[in-house]
Amino acid sequence: MRKISVLLFLGWVCFLFYAGIALFTSGFLLTRLELTNHSSCQELPGPGSLPWGSQGKPGACWMASRFSRVVLVLIDALRFDFAQPQRSHVPGKLPASLPFLGKLVSLKRILEIQPHHARLYRSQVDPPTTTMQRLKALTTGSLPTFIDAGSNFASHAIVEDNLIKQLTSAGRRVVFMGDDTWKDLFPGAFSQAFFFSSFNVRDLHTVDNGILEHLYPTMDSGEWDVLIAHFLGVDHCGHKHGPHHPEMAKKLSQVDQVIQGLMERLENDTLLVVAGDHGMTMNGDHGGDSELEVSAALFLYSSTPLFPSTPPEEPEVIPQVSLVPTLALLLGLPIPFGNIGEVIAELFSGDKDSQPHPSALAQASALHLNAQQVSRFLHTYSAATQDLHVKELHQLQKLFSKASADYQWLLQNPHRTDVTLRTVIAELQQFLRGARAMCIKSWARFSLVRMAGGVALLAAACFLCLLTSQWATSPGFPFCPLLLIPVVWGLAGAIVCAGLLSVNGLKLDSVVLGAVAAVGSLLAFLWKAWAGWGSRRPLATLLPIPGPVLLLLLIRLAAFFSDSFVVAEARATPFLLGSLILLLVAQLHWEGQLLPPKLLTVPRLGSSAPVGSPRHSGTYALRLGVGLLLCTRLAGLFHRCPEETPACHSSPWLSPLASMVGGRAKNLWYGACVGSLVALLAAVRLWLHRYGNLKSPEPPVLFVRWGLPLMALSTAAYWALASGADEAPPRLRALVAGASVVLPRAVAGLAASGLMLLLWRPVTVLVKAGAGTSRTRTVLTPFSGPPTSQADLDYVVPQIYRHMQEEFRGRLEKTKPQGPLTVAAYQLGSVYSAAMVTALTLLAFPLLLLHAERISLVFLLLFLQSFLLLHLLAAGIPITASGPFTVPWQAVSAWALMATQTFYSTGHQPVFPAIHWHAAFVGFPEGHGSSTWLPALLVGANTFASHLLFAGSRLPPPPTLALPV
């Protein structure tokens, strides 16, 4: 019954944490209402007739179409400087030698010889810079919020009005080829489609080659109105190698050939659009809002003149969503209902021979249609929700009314002037830009009340766990009666809150109701527990954390409320860890609690002889502390700079060996990685051998002897294949591909088998039993059951030995031996540590495979830090300490800091661009099909590898004694 009560209590604590997290994220991860309204040709976006120049033209919708066909080439992650023409060499300055510069030579050539036919823009992208969100913006003209980033690899059909829907409604034939994300966003929308898997970021050529196989034949066939080709090679090259790798130059040269081939095949009624959906960082990643990520290229070309003037010296910066209304009006389609982009006005100016007044009036007409559509959207959206600022919305509506009145006056006044036209254009552009700025500001507002409530609930849940850990150690703590009251109070609070909301006609929010239930149950539990139990104990016992350690924890907590400390967390965490290590060494030396490193002999069970505690000089703890500080400093060499520190230079050792240029350097690094792997395995085996945990013939011990070397060999072989797969001879590529699948899965399978064996027989203790004869038996048996009395709690290790002694005495009595029975158990001091070290090692191998090869050095440092810290903590725990076994708070704090430090040392950052997506393809180079949970599991394991390892290694102190009895 007590076990059930404890499980129910733990389940309730999990509910408290989940309620706090849900409340916080509901205020932090922003959402916006997605309207399902659609624009149509039968209904203009505002009052008035067709705009100037559209009357009497066949097929005129909101505006007469200028092009009947469009070829949209989407180059994933085409950063602006990839397409920017390289300027001529200036005398006295060294020419730039970056691999990606000047590779799109066809763009530079067209801009020079046909300046009125083409234009290059710097496309300003709205974060998050993930592919699905950018596709959504490029087709709807809307602004997705950050919560959409979670759907990047599990996309759903777009319900908002969009260009693809407008094209299919108008009977246009849309042909697509490339990234299969479009299949989920626009199911059944294409007349013909060639989809290719997009998730394998290590594959640079499959998608691009598949597009090229169908691109030119489809274009030559003429059976299309809109042709969309989404290339992925540049993006995948950035993820795999980074933008500065020679492979990036090859991919950009391939893109240049594609653009050249398309321009040669264009007809007069066809517009070519080459666009990047986002940029990439210096490391080749994306997802955040750094300058390189939000800067993409946009190139427009037509075989007929498009622009009345030549391109400016510096390309114009336009919002990415501006492409949506521009393409809609150029194709004679309605602008999608939810668009907040601004048309590119110069595309509606006519050719260079147009008169100024008709040219400017055409721009004003396009902008007025655009402004009417945005005004209609704002009115509909504000009526459906209260997200928008009322005061700003009112001012924008006044500005639109004035601009619209001035435009109508221009249409009716034949004596209009160029100055008046420019004034109207400026007013319409001011309205459109103000509307977009207001939406960005409104949809980026955080709910500080919900965030503060979630943080407060999480803090209260942590405080509850602290109090319960103190109260529950005393016998008779009433879990069951205390659990009933909070559940009743929590449900009552949720019912009352739901009733009040329904009476007032407000919408029921499940997150708020869950938070109310959690708060109600928590307050009731604390009140009942304190009144019936906590008031009997001194208040000082409720906070057992030592003062200096509590100060470090408070400093770390306060750092999360400072932007500058959050940015510098990768540097602040090693500083706090080093301070804690120095504090531990100084405390041990001051209190004289240092124990010798040799094993102590403890008397037989039942003997009352005191156990001595010989002291040791401070050099032992000093050596441990220096080793810990050295490992911490070495781990700091592996670092990745945050976006906010452009002057910082990331460690070059975080990239995989496959991205290295130069065979000799790659071989040296491969040798260092394999050496660190062998050192890691040797350290674990030596540690287990020193404390006698490799002497039993039982399956878990045999697996440690033979299974771990086999896992290390498979890991080294996989690294060799992964680092040289691109250089493998053609006849061996099939074998390399097969081995790349088998080896990681073999390592994962071996790790799972070893963990199952360890779970089956967890205690690696050598037990010898005899019955008056010379024969001995080596038996491995698990310990079953927690301590049940205060006497058992006094000495955990002797209690385990007594349990084994009684069990083996019963077994020997069945054999009817001659003479007295004796049972001897050895290495009981490592009864916990050995099993956990083995489990930690088994878990480390598959996690190591999910990282780049050179991260193995960080894993080696992680294990060394763990061993040194365990010995340092063990030096301060006397074996005569009474009471239940507890993990000191110094260990908990150090473990948490080491987990965070290793998180940064393995190349991670708490931002989208730093997610290691390549981990999803370790063992699955061909992708996962329609499955999303397995790649999410692999990427999550890669991201939180350090936390998983340290959470799984909350070990007791290492063995300091053995018990031969």
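Cut-offs and rules
Residues numbered from 1 in each chain as written. Predicted model: local features only at pLDDT ≥ 70, side-chain atom pairs only at ≥ 80, totals over all residues. Heavy atoms only, no water. Disulfide = S-S within 2.5 Å. Helix = DSSP H or I, 4+ residues; strand = E, 2+ residues; numbered from the N terminus. Buried < 20%, exposed > 50% of the residue type's maximum accessible area, 1.4 Å probe, protein only. Pairing = 2+ DSSP bridges. Core = buried A, V, L, I, M, F, W, Y, C linked by side-chain atoms within 4.5 Å. Contact = heavy atoms within 4.5 Å. Salt bridge = Lys/Arg side-chain N within 4 Å of Asp/Glu carboxyl O. Axes fitted to C-alpha atoms, helices over the stretch in contact; angles between N-to-C directions. Parallel < 35°, antiparallel > 145°, perpendicular 65-115°, else oblique. Left-handed = near helix turned anticlockwise from the far one by under 90°. Nonpolar A, V, L, I, M, F, W, Y, C, P; charged D, E, K, R; others polar. Phe/Tyr/Trp six-rings, centres within 6.5 Å; stacked < 30°, edge-to-face > 60°. Lys, Arg positive; Asp, Glu negative; His and termini not counted. Patch = residues over 30% accessible without salt bridge, like charges linked within 9 Å, V, L, I, M, F, W, Y side chains within 5 Å. Areas by Shrake-Rupley, 256 points an atom, 1.4 Å probe, with all protein chains shown as cover. pLDDT = per-residue confidence, 0-100. Expected span 1.5 Å × (residues − 1).

A few points about the state of the cysteines
Summed over all chains, the structure comprises one disulfide. Here Cys41 engages in a disulfide with Cys61; their sulfurs sit 2.0 Å apart. Its S-S torsion of approximately -110 degrees makes the covalent link between Cys41 and Cys61 left-handed. Here the residue Cys41 occupies a position in the loop between helix 1 (2–28) and strand 1 (69–75), and Cys61 occupies one in the loop between helix 1 and strand 1, the gap between them amounting to 20 residues.

Re unusual backbone geometry
Each neighbour pair has its own omega, and for Pro127 with Pro128 the value is 5 degrees, a cis peptide bond. With respect to the helices and strands, Pro128 occurs in the loop between strand 2 (118–124) and helix 4 (131–140). Unusually for a residue other than glycine, Ala77 sits at a positive phi of about 70 degrees. Assessed through its relative accessible area of 0%, Ala77 is described here as buried.

Details of the environment of Gly636
Relative to the elements of secondary structure, Gly636 occurs in the loop between helix 20 (619–635) and helix 21 (663–690). Residue class for Gly636 comes out partly exposed when judged on its relative accessible area of 31%.

Remarks on the pairing of strand 1
Sheet faces and side chains relate simply in a regular strand, where the side chains alternate between the two faces. Across the seven residues that make up strand 1, a large majority, seven, are buried. Neither face of strand 1 is left uncovered, since the one carrying Arg69, Val71, Val73 and Ile75 and the one carrying Val70, Leu72 and Leu74 both have all their residues buried. Relative to strand 6 (residues 270–276), strand 1 runs parallel, the two sharing seven bridges. Note on strand 6: the bridge partner recorded for Leu74 is Ala275. As defined by bridge partners, strand 1 adjoins strand 5 (residues 226–231) across six bridges and the pair is classed as parallel. Its bridge partner being in strand 5, Val71 is matched across the sheet by Leu227.

Observations concerning the nonpolar core
What tends to happen in soluble globular proteins is that the nonpolar side chains get buried as a cluster. Among the nonpolar cores identified, the biggest contains 81 residues, and Trp182, Val273, Leu329, Leu378 and Phe431 are the most heavily contacted of them. Setting aside residues up to four positions removed in sequence, Leu329 forms contacts with Trp62, Met63, Ala64, Ser65, Ile335, Val343, Phe348, Ala366 and Leu369. Counting residues in each nonpolar core, the second largest holds 74 residues, with Ile581, Tyr620, Tyr718 and Phe859 among its members.

Section: the pattern of salt bridges
As enumerated under the stated definition, the model contains 13 salt bridges in all. Among the salt bridges present, the one from Asp220 reaches Arg265, with a minimum N-O distance of 3.6 Å. Residue Asp220 is found in helix 7 (residues 206–221), and its partner Arg265 is found in helix 9 (residues 246–265); the two are separated by 45 residues along the sequence. Here the residues in one salt-bridge network are Lys402, Asp406 and Glu427, joined through shared partners.

Points about the packing of helix 20 against helix 27 (residues 856–874)
Contact geometry of helix 20 with helix 27 gives a least axis separation of 9 Å together with a crossing angle of 155 degrees. Between helix 20 and helix 27, the crossing angle belongs to the class labelled roughly antiparallel. For the pair helix 20 and helix 27, the crossing hand works out as left-handed. In this structure, helix 20 contributes Tyr620, Ala621, Leu624, Gly627, Leu628, Cys631, Thr632, Leu634 and Ala635 to the contact, and helix 27 contributes Leu861, Leu864, Gln865, Leu868, Leu869, His871 and Leu872. Of the residues belonging to the contact of helix 20 with helix 27, the class tally is 12 nonpolar, four polar and no charged.

What to know about the packing of aromatic side chains
Two aromatic rings are characterised by how far apart their centres lie and by the angle between their planes. Going through the model one piece at a time under the given rule, you end up with 16 aromatic pairs. Consider the rings of Tyr381 and Trp443, whose centres lie 5.5 Å apart with planes at 70 degrees: the pair is edge-to-face. With Tyr381 in helix 11 (residues 356–384) and Trp443 in helix 13 (residues 418–443), this pair connects stretches of sequence that are 62 residues apart. By relative accessible area, Trp443 is classed as buried at 7%. Residues Phe903 and Tyr904 carry aromatic rings whose centres are separated by 5.2 Å and whose planes lie at 80 degrees to one another, so their mutual orientation is edge-to-face. Judged by its relative accessible area of 6%, Tyr904 falls in the buried class. Each residue in the set Phe176, Trp182, Phe186, Phe190 and Phe195 is aromatic and connected to the rest through ring pairs, giving one cluster.

So, the sheet that holds strand 5
Whether parallel or antiparallel, the strands of a sheet pair through hydrogen bonds between backbone atoms. Taken together, eight strands build an open sheet; the order of strands is 4-3-5-1-6-7-2-8 and the sheet is mixed. The open sheet has two free edges, formed respectively by strand 4 (192–196) and strand 8 (317–319), since each of these has just one partner strand. On average, adjacent strands in this sheet sit at an angle of 20 degrees to one another, irrespective of strand direction. One ladder, built from five bridges, connects strand 3 (residues 174–179) with strand 5; its direction is parallel. Its bridge partner lying in strand 5, Phe176 is registered against Ile228. Each of strand 1, strand 3, strand 4 and strand 5 touches helix 7; the most contacted strand, strand 5, lies at about 160 degrees to it.

Side note on the side chain of Arg854
Assignment of secondary structure puts Arg854 in the loop between helix 26 (833–849) and helix 27. Although buried, Arg854 forms no salt bridge, and the nearest oppositely charged side chain, Glu853, lies 6.2 Å from it. Those residues in contact with Arg854 that lie beyond four places of it in its chain are Phe638, Pro652, Trp653, Ser655, Pro656, Leu657, Met660, Trp669 and Cys673.

Points about a nonpolar patch on the surface
On the surface, a nonpolar cluster with roughly 630 Å² of combined accessible area is contributed by Val455, Leu550, Leu554, Leu557, Phe560, Phe561 and Val566. If you tally residues by element for the nonpolar patch, the top one is helix 17 (residues 547–559), at three residues. Turning to its location among the elements, Leu550 is positioned in helix 17.

A short note on the confidence of the model for the protein chain
For the protein chain, mean pLDDT is 78; residues scoring 70 or higher make up 76% of the total. Across the protein chain, the secondary-structure element scoring lowest on mean pLDDT is strand 13 (residues 961–962), at 34, and the one scoring highest is strand 5, at 96. In this model residues 89–95 is a low-confidence stretch, pLDDT under 50, and it forms two contacts with partners more than four residues away in sequence or in other chains. Note that residues 352–356 has pLDDT below 50 and, in this model, five contacts with residues that lie over four places away or in other chains.

Things to note about the side chain of Asn942
Relative to the helices and strands, Asn942 resides in helix 29 (residues 933–943). Sequence-distant contacts of Asn942, that is, excluding residues within four places in its chain, are made with Leu850, His851, His908, His916 and Ala919.

Here we look at the packing of helix 3 (residues 105–113) against helix 9
Where helix 3 meets helix 9, the axes come as close as 8 Å, and the angle between the chain directions of the two elements is 40 degrees. Of the possible angle classes, the one that applies to helix 3 and helix 9 is oblique. Mapping the contact onto sequence places Val105, Ser106, Leu107, Arg109 and Ile110 in helix 3 and Asp256, Ile259, Gln260 and Met263 in helix 9. Among the residues forming the contact of helix 3 with helix 9, the class breakdown is five nonpolar, two polar and two charged.

Quick notes on helix 28 (residues 889–905)
The periodicity of an α-helix, 3.6 residues per turn, causes residues three or four positions apart to be oriented the same way. When the terminal C-alpha atoms of helix 28 are compared, their 24 Å separation across 17 residues agrees well with the 24 Å that a helix rising 1.5 Å per residue should span. Along helix 28, 14 of the 17 residues are buried, which leaves the element largely enclosed by surrounding structure.

Comments concerning helix 4
Within helix 4, 10 of the 10 residues are buried, leaving the element largely enclosed by the surrounding structure. Listed as buried for helix 4 are Thr131, Met132, Gln133, Arg134, Leu135, Lys136, Ala137, Leu138, Thr139 and Thr140. The secondary structure elements touched by the buried residues of helix 4 are strand 1, helix 5 (163–169), strand 3, helix 6 (181–185), strand 5 and helix 10 (323–330). Immediately beyond the C-terminal end of helix 4, within one or two residues, lies Gly141, with a positive phi of roughly 75 degrees.

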